[in-house]
Amino acid sequence: MTAEQAARPLPRPPGEPLIELCDVSVRYQGAGPAALGAVDLTVGHGELVTLAGPARSGKSTLLSVVGLLLRPTTGSYLLNGFDTGALRDRERTALRGRQIGCVFQRPRLLPSRSALDNVMLAVLYAGLPRQRQESAALDALDRVGLAARRNVLTGQLSAAEQQRVAVARAVAGDPSLLLCDDPTASLDEALATQIIGLLVSLHREGRTVLIVTRDQLAAAYSSRSLTMSAVSSAARQDAVQ
Amino acid sequence: MIRRRVGQATRLRSADAIGEAFTAIAARPARAFLTSLGTLLGVAWFVTALGLVSTASGQVSTTFAGRLATQVTVRLASTGPSPAAYPYPADVSRRLEALNGVVAAGVYWQVKLAGPVVVPAASGTGGQPRAGQPRAGQPRAGQPRAGQPGAGRGAAGQVVIAASRGFLAAAGVQVSQGRTVSAWAQAHAAQVCLAGSAAAKALGVTDVQNQPVILISNEPCVVIGIISHAARRPALLRSVLLPTTTAVALWGAPDQQAGATPTVLIQTRPGAAAVVGRQAPYAISPARPDQFSVIVPVRSQRLRDQVTGTLTSLFFALGWVSLAIGTLSIASVTWLSVRERSAEYGLRRAVGARRRHILAHVIAESAILGLIGGLAGASLGVAAVILLARSRQWVPVIAPLTVLPAPLAGAAAGVLAGLIPGIRAARVQPAMALGRAPAP
């Protein structure tokens, strides 16, 4: 099996559920308040879903669970029909590395490394030869318009450029599921439009995209726009109070 | 089954792991230097210590070899088959000196005599002969009166030794007055003798110009020289030496007397003693080499091993201690660095690094730091050995086997140091990429 084949094992027809969250909640401390309360969410293959909600309503935590960065405290999470709670770390890591790309709320780059190095992290663990790692990373940087800045240390880039490098890193591994936590927050309108346009084009290539954003443009292109209160019972309670 | 459908596990090429480690190290060179300083010093100490031990032992061995390890003695084995009447051929010196590594060799034995060594009473005045008293006459001119052993000045304790010319050379005999035994005198059993300086003094012989005669068990011998020095047989200074041929002619071959053990003394070049000792019996008597016992006095090798063994174990102990300190310094810096970089490890986990990949990253980094420290330390150690040896005008001796593994020892220390911090780093959860940890 080549790496490309491994990267696309989800060839189900659009509309079939890819993400199925059932009563998922997360508590960071054992007895503390729930960071995410009782979420039910289903996202189909090939959907572009935007998610909005007030601060601290658990949007980022929800994305962490979907991105397999966090194991939910309760509830079940089926990804492409597999119960992720039953997967071993090695398998969850394989899914993270090969199927899922994440854009975090902050860029989360290695400041002492070049833009190219940062993007190459996404393909470092695919075991590809160095040249193919580089070409994949360069392609991704090119898509966010930063190919010319590839050798600049990310610590010296502007906040907007850093965010675009983070997007490039998320897409470099050619993931089938893209999770973005407010990717346009630090960008001006023109760049935000460019990033949203990039995400929409990735969606049109057949990827499933889940974006936490209030951006109207993204919502306009989305197949569904959800709010946290629509998916989380805890958020509903918060909204009532 | 699930695994196969979920997808191929992520991989990390070792070249990438090493490349990442180098990049991380290059990003903070000052920190890398300080981290590897401990290993550097440890390895430098190791190499210096071992180099100094080998250099010093080179010095020790040349010192001892000059004095002790160049003398071989051969005598008849006390046990075994009854020895031949006189086991040494007439040309024993020539046979032995033909061996490579032999400087000189010759037979000697102590002559057991009935009578003492005296200066003839005729030459003295009232029992108080003056030394160097003028006295005309040829060696045989003044035949002493037999049966008057006490007539002259008795000199107790003078040992009479039958010595071949080869023995004189092997013992390092130097004659200050007169001359040594000539080949002619040896060949013709001339009744001549050499007196050791102490023996000459006791006999009252201080001047040999006028050919003083002494009586050895009533046999007159002309003193032709006084021995001032016998570098390797100082006891000869208290002895009277006459040619072996003369001793045989006067008193018979040594085997006919109880207690006389004809012995061959061989002077070898430094380092040749052991080999010469093995070859000598065959050179002397190819037919019966087993009748001899050979003594190689001091094995310089063994002595050196004893000396260097003590030094080496001391230096080794100190080397281990400093290497352990170096390991701990890498370990502690790596531990702190892992704390600092937990967000990075979380991020790597988030983009597909498995726990073992994180461990590999940390260990590769600390191993490279150890390797760098080891390389620099080995170079520093070699330089130190050369400088110290030069300052003492010694020849620096550095065994490649102590220098070449030194960088590897540094790398091994690095691997060891990275182990525990690496395990800690591998436990970082992927959610740390977001700067938050899940419930424990």
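All residue numbers refer to position in the chain's written sequence, counted from 1. The order in which chains are written sets their letters, starting at A; the order in which ligands are written sets their numbers, starting at 1. Totals for whole chains, interfaces and linings use all residues, but because this is a predicted model, local features are given only for residues with pLDDT of at least 70 and pairs of side-chain atoms are given and counted only at 80 or more.

**A look at the overall build of chain B**
- Only DSSP runs of H or I with at least four residues qualify as helices, and only runs of E with at least two residues qualify as strands; both kinds are numbered from the N terminus onward. The secondary structure content of chain B amounts to 14 helices and 12 strands.
- Considering only intrachain contacts with a sequence separation of at least 6, the fraction spanning at least 24 residues in chain B is 86%. Residues are defined as contacting one another if the C-beta atoms placed from their backbone atoms lie within 7 Å.

**Focus: the overall build of chain A**
- Helix and strand counts for chain A come out as 10 helices and nine strands.
- Exposure in this text rests on C-beta crowding, where 20 or more other C-beta atoms within 10 Å of a residue's own make it buried, 12 or fewer make it exposed, and counts in between make it partly exposed. The C-beta atoms are placed from the backbone. Per-residue burial for chain A yields a buried fraction of 53% across its 241 residues.
- Taking the contacts inside chain A whose residues are at least 6 apart along the sequence as the reference set, 71% of them involve residues at least 24 apart.

**A few points about unusual backbone geometry**
- Unlike most non-glycine residues, Asp23(A) shows phi in positive territory, near 55 degrees.
- Structurally, the position occupied by Asp23(A) is in strand S1 (residues 17–27).

**Observations regarding the packing of helix H4 (residues 115–124) of chain A against helix H6 (residues 159–172) of chain A**
Residue and element names in this part refer to chain A.
- Two elements in contact, H4 and H6, have axes whose closest approach is 7 Å; the angle formed by their N-to-C orientations is 30 degrees. As far as their axial angle goes, H6 and H4 are roughly parallel. Crossing handedness for the pair H4 and H6: right-handed. When H4 is examined against H6, the residues Ala 115, Asn 118, Val 119, Leu 121, Ala 122 and Val 123 are found in contact with a partner set consisting of Val 165, Ala 168, Arg 169 and Ala 172.
- Amino acid classes used here: Ala, Val, Leu, Ile, Met, Phe, Trp, Tyr, Cys and Pro are nonpolar; Asp, Glu, Lys and Arg are charged; the rest, including Gly, are polar. Its residues placed into classes, the contact of H4 with H6 shows eight nonpolar, one polar and one charged. Between N-to-C directions, angles cover 0 to 180 degrees, with each direction set by a line fitted to C-alpha atoms, over the stretch in contact for helices. Under this scheme an angle from 65 to 115 degrees is roughly perpendicular, one under 35 degrees roughly parallel, and one over 145 degrees roughly antiparallel; angles in between are oblique. Helix crossings get a hand from a simple test, with the near helix turned counterclockwise from the far one by less than a right angle marking a left-handed crossing and a clockwise turn marking a right-handed one.

**A few points about the confidence of the model for chain B**
- pLDDT: the predictor's confidence for each residue, scored from 0 to 100. Confidence in the prediction for chain B averages 80 pLDDT; 80% of positions are at 70 or higher.
- Predicted as a complex, the structure gets a pTM of 0.64 and an ipTM equal to 0.90.

**Structural notes on the interface of chain B and chain A**
- Counting residues at the interface gives 30 residues for chain B and 36 residues for chain A.
- Listed by contribution, the elements that provide at least two residues to the side of chain B that touches chain A are helix H1 (2–6), helix H2 (14–27), helix H11 (342–350) and helix H12 (355–391) of chain B.
- Ranked by the residues each element gives to the side of chain B that touches chain A, the list is headed by H11(B), at four residues.
- Per-class residue counts for the side of chain B that touches chain A are 15 nonpolar, six polar and nine charged.

**Regarding the sheet that holds S1(A)**
Residues and elements named next belong to chain A.
- Strands are treated as partners if at least two bridges between them are detected by DSSP. Spatially, the four strands line up as an open sheet ordered S2-S1-S4-S5, and their pairing is antiparallel. Bordering the open sheet on either side are strand S2 (34–44) and strand S5 (82–83), each of which pairs with just one other strand.
- Where strand S4 (residues 74–79) lies against S5, two bridges are found, and the strand directions are antiparallel. Bridging across to S5, Leu 78 finds its partner in Asp 83.

**Observations regarding the confidence of the model for chain A**
- The share of residues in chain A with pLDDT of 70 or more is 91%, and the mean pLDDT across the chain is 86.
- Within the model, pLDDT remains below 50 along residues 1–9 of chain A, and this stretch shows 11 contacts once partners closer than five positions in the same chain are excluded.

**Examining the sheet that holds strand S8 (residues 208–212) of chain A**
Residue and element names in this part refer to chain A.
- An order of S6-S7-S8-S3-S9 is seen for the five strands of this open sheet, with the pairing classed as parallel. The open sheet is flanked by strand S6 (100–103) and strand S9 (224–227), the only strands paired with a single partner. Neighbour-to-neighbour, the strand axes of the sheet open up by a mean angle of 15 degrees, direction not taken into account.
- Here strand S3 (residues 48–52) runs beside S8; their pairing, made up of four bridges, is parallel. Its bridge partner being in S8, Leu 51 is matched across the sheet by Val 212.
- Sitting on the sheet, H6 is in contact with S6 and strand S7 (177–181), with an inclination near 175 degrees to S6.

**Observations concerning the packing of H6(A) against helix H7 (residues 189–204) of chain A**
Residue and element names in this part refer to chain A.
- Look at H6 against H7: their axes get within 11 Å of each other, and the N-to-C directions meet at 5 degrees. Comparing their axes, H7 and H6 come out roughly parallel. Two secondary-structure elements touch here, H6 through Ala 160, Arg 164, Val 167 and Val 171 and H7 through Leu 191, Ile 195, Leu 198 and Leu 202.
- Grouping the amino acids of the contact of H6 with H7 by side-chain chemistry returns seven nonpolar, no polar and one charged.

**Section: helix H9 (residues 273–284) of chain B**
- The first and last C-alpha atoms of H9(B) sit 16 Å apart over 12 residues, in line with the 16 Å expected at 1.5 Å per residue.
- Check the buried side of H9(B) and you find it contacts strand S1 (71–76), helix H4 (92–97), strand S2 (102–110), strand S11 (263–268) and strand S12 (292–295) of chain B. Expected span, for any helix, means 1.5 Å times one less than how many residues it has.

**Some words on the pairing of S7(A)**
Residues and elements named next belong to chain A.
- Of all the five residues making up S7, five are buried; the element is thus mostly covered by neighbouring parts of the structure.
- As paired strands, S6 and S7 are joined by four bridges and run parallel to one another. Residue Gly 101 lies in a different strand from S7, and its bridge partner there is Leu 178.
- Where S7 meets S8, five bridges bridge the pair, whose relative direction is parallel. Across the sheet, residue Leu 179 finds its bridge partner in S8, namely Leu 210.
- Here the term right-handed applies to a crossover when the path leading from its first strand over the helix to its second strand runs clockwise, the strands being oriented away from the viewer. In this region the chain leaves S7, passes through H7 and returns to the parallel neighbour S8; the handedness of that crossover is right-handed.

**A short note on H11(B)**
Residue and element names in this part refer to chain B.
- Burial runs high along H11: seven of the nine residues are buried.
- Residues of H11 that are buried: Glu 344, Tyr 345, Gly 346, Leu 347, Arg 348, Arg 349 and Ala 350.
- At the exit of H11 stands Gly 352, carrying a positive phi of roughly 125 degrees.

**A short note on the nonpolar core**
- Any set of buried Ala, Val, Leu, Ile, Met, Phe, Trp, Tyr and Cys residues joined through C-beta atoms within 7 Å is what this text calls a nonpolar core. One finds Val119(A) and Ala168(A) to be the most contacted residues of the largest nonpolar core, which totals 125 residues.
- The contact partners of Val119(A), leaving out residues within four places of it in the chain, are Ala137(A), Ala140(A), Leu141(A), Val165(A), Ala168(A), Arg169(A) and Ala172(A).
- Listed in part, the 65 residues of the second largest apolar core include Ala105(B), Val264(B), Ala280(B) and Val294(B).

**Topic: the environment of Gly145(A)**
All names here are of chain A.
- As for its position among the elements, Gly 145 is in the loop between helix H5 (130–143) and H6.
- Under the C-beta neighbour-count criterion, Gly 145 is labelled partly exposed, with 15 such atoms within 10 Å.
- Between the C-alpha atom of Gly 145 and that of Ala 168, which follows or precedes it by 23 residues, the distance is 9.4 Å.
- For Gly 145, the residues in contact, after removing those within four places along its chain, are Arg 164 and Gln 194.

**Some thoughts on the environment of Ile295(B)**
Residue and element names in this part refer to chain B.
- Tracing the backbone through its elements, the reader meets Ile 295 in strand S12.
- The exposure class of Ile 295 is exposed, given the 11 C-beta atoms found within 10 Å.
- Sequence separation between Ile 295 and Thr 73 is 222 residues; the distance between their C-alpha atoms is 5.2 Å.
- Beyond its immediate sequence surroundings of up to four residues, Ile 295 is in contact with Val 72 and Thr 73.

**A few points about the pairing of strand S7 (residues 192–196) of chain B**
Residues and elements named next belong to chain B.
- For S7, a buried count of five out of five residues is recorded, marking the element as mostly surrounded by other parts of the structure.
- When S7 meets strand S9 (residues 219–230), the two strands line up parallel, connected through five bridges. Bridging across to S9, Ala 195 finds its partner in Ile 226.
- By the bridge criterion, two bridges tie S7 to strand S10 (residues 239–243) in an arrangement that is antiparallel. When the sheet's bridge partners are listed, Ala 195 is paired in S10 with Val 240.

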